[in-house]
Amino acid sequence: MEGKEESCVYKNPEAPVEARVQDLLSRMTLMEKIGQMTQIERAVTTHAGITDFFIGSVLNGGGSWPFEDAMSSDWADMIDGFQNAALATRLGIPIMYGIDAVHGNNNVYGATIFPHNIGLGATRDADVIRRIGAATALEVRASGAHWAFAPCVATLTDPRWGRSYECYSEDTNTICELTSLVSGLQGEPPKEHPNGYPFLAGRNNVVACAKHFVGDGGTENGTNEGNTIVSYEDLERIHVAPYLNCLAQGVSTVMASYSSWNGRKLHSDYFLLTELLKQKLGFKGFVISDYEALDRLSEPFGSNYRNCVKMSVNAGVDMVMVPLKYEPFIQDLKDLVESGEVPMARIDDAVERILRVKFVAGTFEHPLADRSLLPTVGCKEHRELGREAVRKSLVLLKNGKDVAKPFLPLDRKAKRVLVTGTHADDLGYQCGGWTKAWYGLSGRITIGTTLLDAIRATVGEETEVVYEKIPSEETLASVQGFSYAIVAVGETPYAETFGDNLELTIPLNGSDIVTAVAEKIPTLVMLFSGRPVVLEPAVLEKSEALVAAWLPGSEGQGMADVIFGDYEFVGKLPVSWFKGVDQLPIKAESNAYDPLFPFGFGL
Ligand code: GLC
């Protein structure tokens, strides 16, 4: 039967990619082409569904898993099951499974959880970010996935945005330098690699995804999925620039943004998705929509869906993250092609791009999980890398009420120390959103080291560590015995719109905890947050030292390494630290610039 004989070009790994693409495309029916453009959520995926609709891709959204605390091998079993259903189709086109591995393979229990992007921005270390990409790729491949929806290269304009922690910086040049995650995930392309053409080095790599194109971080007041009002020149200078660095590294996919530019929804904007990204910038991979983004093109949500499909596919979206109601999507797109409202040429262009990435990624040759990589998941080497990144991400904002008498490094042989605060022993808080659950969780959610674990592992045996999540009256009354206190407070986990916040005060009475302790015991404050937060004057004045720890992830030992002096502080603010939210959005280039701590600050 056609497509089965081994001689066909597309099945030949030695044949040039473009020849394989054209050969396969020429064999495909309209339904097989539309199936490749369809990405569905694992929760609604069946093997029959994949086979019957020729589905091209499956994903899991944040918090969607095979079962609670599933290990990498369980994920591999699930994904390989989907893959075998795809390979059973007439042409045997493998799926690409996509996952939000945005700070390690963070959905998976036991995976190494690296600092979120805001902390990596503070490191200013493109090489550590590249190595994190390479480590993440191994852990993602071990779980059977082929594709990580990372890096987010949004330019952080207003920290009231719920996705601030997914940004490397407010400064575009800093972001451009730190797009090296692409080369980590996909491998480093050779110098002669054509700009904009997808690249993937080999079996230990995964497809990357630069997101969210474009201007997602520039919306008014930081409103998630909102409207970015800037001139075209500023859009290019501030928000498009990092995509040039990603294209130069051969990024294979780009995710469109839910947001709008000057009132124009990105998901239906032909000028930005096709004329700018594909024609002017020369992007040859494929554009994936965001989750149910087509439904959000109309009011009320999902109304006139057929028209949303028409606008979005014609604008340049190549694969649609439907991801739930995929039969109506497929039916609508089929109708649109048969009626001529979506040209066949547009379908062919989209499918060419998708097939190109699948051939480049070696998905035809290595469709299934590589279980030989399972020992890399959460391995010592990866955790040491996470620990290094944590060390380099910490920003020292204050060190001693009297600069002549630095408070840090702490004495690890102190007789008695108090460790307290909502964030001192909470791995979930330390990891933040996009960790196991979509919005993140509290508690011992995976394998890792909390700040308290790290302190206990670092101080001498003769040091007594007293831990209370909330300092008790008795403790505060009998303070004379303490050499110093470490108070850990900060934000509770969030994701996307749930993180939009106009007040930006420290939750869970964090400021009160700090002042209650700091007015009695010399105190180091460790602040866990995905962005700058309001620092009350009392917090600033009464604490001896203040460290921005951001969202460090599972390797908390990196914090002890620095506060006890085994390593220097090197972190620099990747974002201006405002005095009050009335200053927002704060712009470093404006002459009214008057932050509490300026962009680039760090003792
Ligand atoms: C989410 C996010 C996007 C993520 C996608 C899949 O809504 O906007 O960053 O990759 O959906 O989870």
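Residues numbered from 1 in each chain as written. Predicted model: local features only at pLDDT ≥ 70, side-chain atom pairs only at ≥ 80, totals over all residues. Heavy atoms only, no water.

Listed in UniProt under the heading Sequence similarities (unreviewed entry), the comment for the protein reads: "Belongs to the glycosyl hydrolase 3 family." (UniProt positions renumbered as here; feature names shortened; annotations may be inferred.)

Caption draft 1: Representation of the packing of aromatic side chains in the model. All chains considered together, the criterion is met by 15 aromatic pairs. Between tyrosine 165 and tyrosine 494, the ring centres sit 5.4 Å apart and the planes meet at 70°, which makes this aromatic pair edge-to-face. Here tyrosine 165, found in the loop between strand E4 (147-148) and helix H7 (172-177), pairs with tyrosine 494, found in the loop between strand E15 (484-490) and helix H18 (510-518); they are 329 residues apart in sequence, far enough to count as distant. Across this residue pair, the class does not change: tyrosine 165 and tyrosine 494 are buried. Through a chain of ring-to-ring contacts, the aromatic side chains of Trp434, Trp438, Tyr439 and Phe498 assemble into a single cluster. If you follow arginine 20 out to its NZ or CZ, it ends over the ring of phenylalanine 364, 5.8 Å from the centre. (Phe/Tyr/Trp six-rings, centres within 6.5 Å; stacked < 30°, edge-to-face > 60°. Helix = DSSP H or I, 4+ residues; strand = E, 2+ residues; numbered from the N terminus. Buried < 20%, exposed > 50% of the residue type's maximum accessible area, 1.4 Å probe, protein only. Lys NZ or Arg CZ within 6 Å of the ring centre and 35° of its normal.)

Caption draft 2: Local environment of helix H11 (residues 305-315). For H11, the full list of buried residues reads Tyr305, Cys308, Val309, Ser312, Val313 and Ala315. The arc that holds the buried residues of H11, viewed along the axis, is 160°, so those residues lie on one side. Residues of H11 that are buried sit in contact with helix H10 (270-280), helix H12 (326-338) and helix H13 (344-360). One or two positions beyond H11, positive phi appears at glycine 316, with a value near 130°. (Arc of directions from axis to C-beta. Contact = heavy atoms within 4.5 Å.)

Caption draft 3: Summary view of the environment of glycine 187. Structurally, the position occupied by glycine 187 is in the loop between helix H8 (181-186) and strand E5 (209-213). Glycine 187 sits 24 residues away from lysine 211 along the chain, and the two C-alpha atoms are 18 Å apart.

Caption draft 4: Quick look at the environment of tyrosine 270. As for its placement among the helices and strands, tyrosine 270 is situated in helix H10. Judged by relative accessible area, which is 40%, tyrosine 270 ranks as partly exposed. Taking the C-alpha atoms as reference points, tyrosine 270 and alanine 210, 60 residues apart in sequence, are found 18 Å from one another. Aside from chain neighbours lying at most four places away, what touches tyrosine 270 is Glu275, Gln279, Asn314 and Ala315.

Caption draft 5: Region of interest: the UniProt feature "domain: Glycoside hydrolase family 3 N-terminal" (unreviewed entry) in the protein. UniProt annotation of "domain: Glycoside hydrolase family 3 N-terminal" (unreviewed entry) refers to residues 29-357 when read in the numbering used here. Regarding residues 29-357, the helix share stands at 40% and the strand share at 10%, and the terminal C-alpha atoms are separated by 20 Å.

Caption draft 6: Main features of unusual backbone geometry. Cis peptide bonds are those with omega within 30 degrees of zero, and the linkage from lysine 211 to histidine 212 qualifies with -5°. Inspection of the secondary structure assignment puts histidine 212 in strand E5. Phi at tryptophan 550 is positive, roughly 55°, even though this residue is not glycine. With respect to the helices, strands and loops of the structure, tryptophan 550 is situated in the loop between strand E17 (545-548) and helix H20 (557-563).

Caption draft 7: Representation of the layout of surface pockets. For the largest pocket, the calculated volume is near 560 Å³. As for the largest pocket, its lining consists of 28 residues, of which Thr157, Glu170, Ile238, Lys587 and Glu589 are closest to the centre. Ranked by residue count, the leading element in the lining of the largest pocket is helix H9 (residues 232-248), at four residues. Within the lining of the largest pocket, the residues separate by chemical class into ten nonpolar, ten polar and eight charged. Empty space within the second largest pocket amounts to approximately 310 Å³. Surrounding the second largest pocket, 22 residues form its lining, Tyr258, Tyr291, Trp434, Trp438 and Glu496 being those nearest its centre. Partitioning the lining of the second largest pocket into residue classes produces nine nonpolar, five polar and eight charged. Each of domain 1 (2-375) and domain 2 (394-583) contributes no fewer than three residues to the lining of the second largest pocket. (1 Å grid on protein atoms, 1.4 Å probe; cavity = no way out; pocket = protein on both sides within 12 Å on 5 of 7 lines; lining within 4 Å. Points joined across faces, edges and corners; volume = space filled by probe spheres on them. Nonpolar A, V, L, I, M, F, W, Y, C, P; charged D, E, K, R; others polar. Domains from an automatic or database assignment.)

Caption draft 8: Spotlight on H12. The first and last C-alpha atoms of H12 sit 18 Å apart over 13 residues, in line with the 18 Å expected at 1.5 Å per residue. Taken together, the buried positions of H12 are Tyr326, Phe329, Ile330, Asp332, Leu333, Leu336 and Val337. Along the long axis of H12, the arc covered by the buried residues comes to 165°, so they all point the same way. Two residues or fewer past H12, glycine 340 is found with a positive phi of approximately 85°. (Expected span 1.5 Å × (residues − 1).)

Caption draft 9: Structural view of the domain arrangement of the protein. Domain boundaries assigned for the protein yield domain 1 (2-375) and domain 2 (394-583). The gap between the C-alpha centroids of domain 1 and domain 2 is 36 Å. With 41 residues of domain 1 in contact, the opposing surface of domain 2 contributes 39 residues. The junction of domain 1 with domain 2 conceals about 3,000 Å² of combined surface from both sides, 56% of it contributed by carbon and sulfur atoms. Where domain 1 meets domain 2, there are three salt bridges. Here arginine 163 ties to glutamate 496 by a salt bridge, and the two come within 3.7 Å at their closest N and O atoms. Run the count over domain 1 and domain 2 and you get 25 residue pairs in polar contact (both at pLDDT 80 or more). Taken together, the residues that form the side of domain 1 that touches domain 2 break down as 15 nonpolar, 16 polar and ten charged. (Buried area = accessible area lost by both parts, 1.4 Å probe. Salt bridge = Lys/Arg side-chain N within 4 Å of Asp/Glu carboxyl O. Polar contact = N/O pair within 3.5 Å; in protein donor to acceptor, adjacent residues only side chain to side chain.)

Caption draft 10: Structural detail: the site of the ligand. Contacts to the ligand come from 14 residues, most closely from Asp100, Arg163, Lys211, His212 and Asp290. A distance of 2.5 Å is found between an oxygen atom of the ligand and a side-chain nitrogen or oxygen belonging to aspartate 100. Expressed as a share of its isolated accessible area of 310 Å², the protein-covered part of the ligand is 97%. Judged by its atoms lying within 2 Å of the grid points, the ligand is housed in the second largest pocket. (Near = heavy atom within 4 Å. Areas by Shrake-Rupley, 256 points an atom, 1.4 Å probe, with all protein chains shown as cover. Sits in = over half its atoms within 2 Å of the grid points.)

Caption draft 11: Structural view of the packing of H11 against H12. Where H11 meets H12, the axes come as close as 9 Å, and the angle between the chain directions of the two elements is 65°. By the angle between their axes, H11 is roughly perpendicular relative to H12. By crossing handedness, the relation of H11 to H12 is classed as right-handed. Facing H11, whose interface residues are Tyr305, Arg306, Val309, Lys310 and Val313, H12 presents Phe329, Asp332, Leu333, Asp335 and Leu336. When the residues that make up the contact of H11 with H12 are grouped by side-chain class, the tally is six nonpolar, no polar and four charged. (Axes fitted to C-alpha atoms, helices over the stretch in contact; angles between N-to-C directions. Parallel < 35°, antiparallel > 145°, perpendicular 65-115°, else oblique. Left-handed = near helix turned anticlockwise from the far one by under 90°.)

Caption draft 12: Looking closely at the sheet that holds strand E13 (residues 416-420). Here six strands make up an open sheet; going across it, the order is E12-E17-E16-E15-E13-E14 and the pairing mixed. What marks the edges here is a single partner per strand, and that holds for strand E12 (395-399) and strand E14 (464-468). Pairwise comparison of adjacent strand axes, ignoring direction, gives a mean angle of 15° for this sheet. Relative to E17, strand E16 (residues 523-528) runs parallel, the two sharing four bridges. Across the sheet, residue leucine 524 finds its bridge partner in E17, namely alanine 545. Of the strands in this sheet, E13, E15 and E16 are in contact with H18, which crosses E15 at around 175°. (Pairing = 2+ DSSP bridges.)

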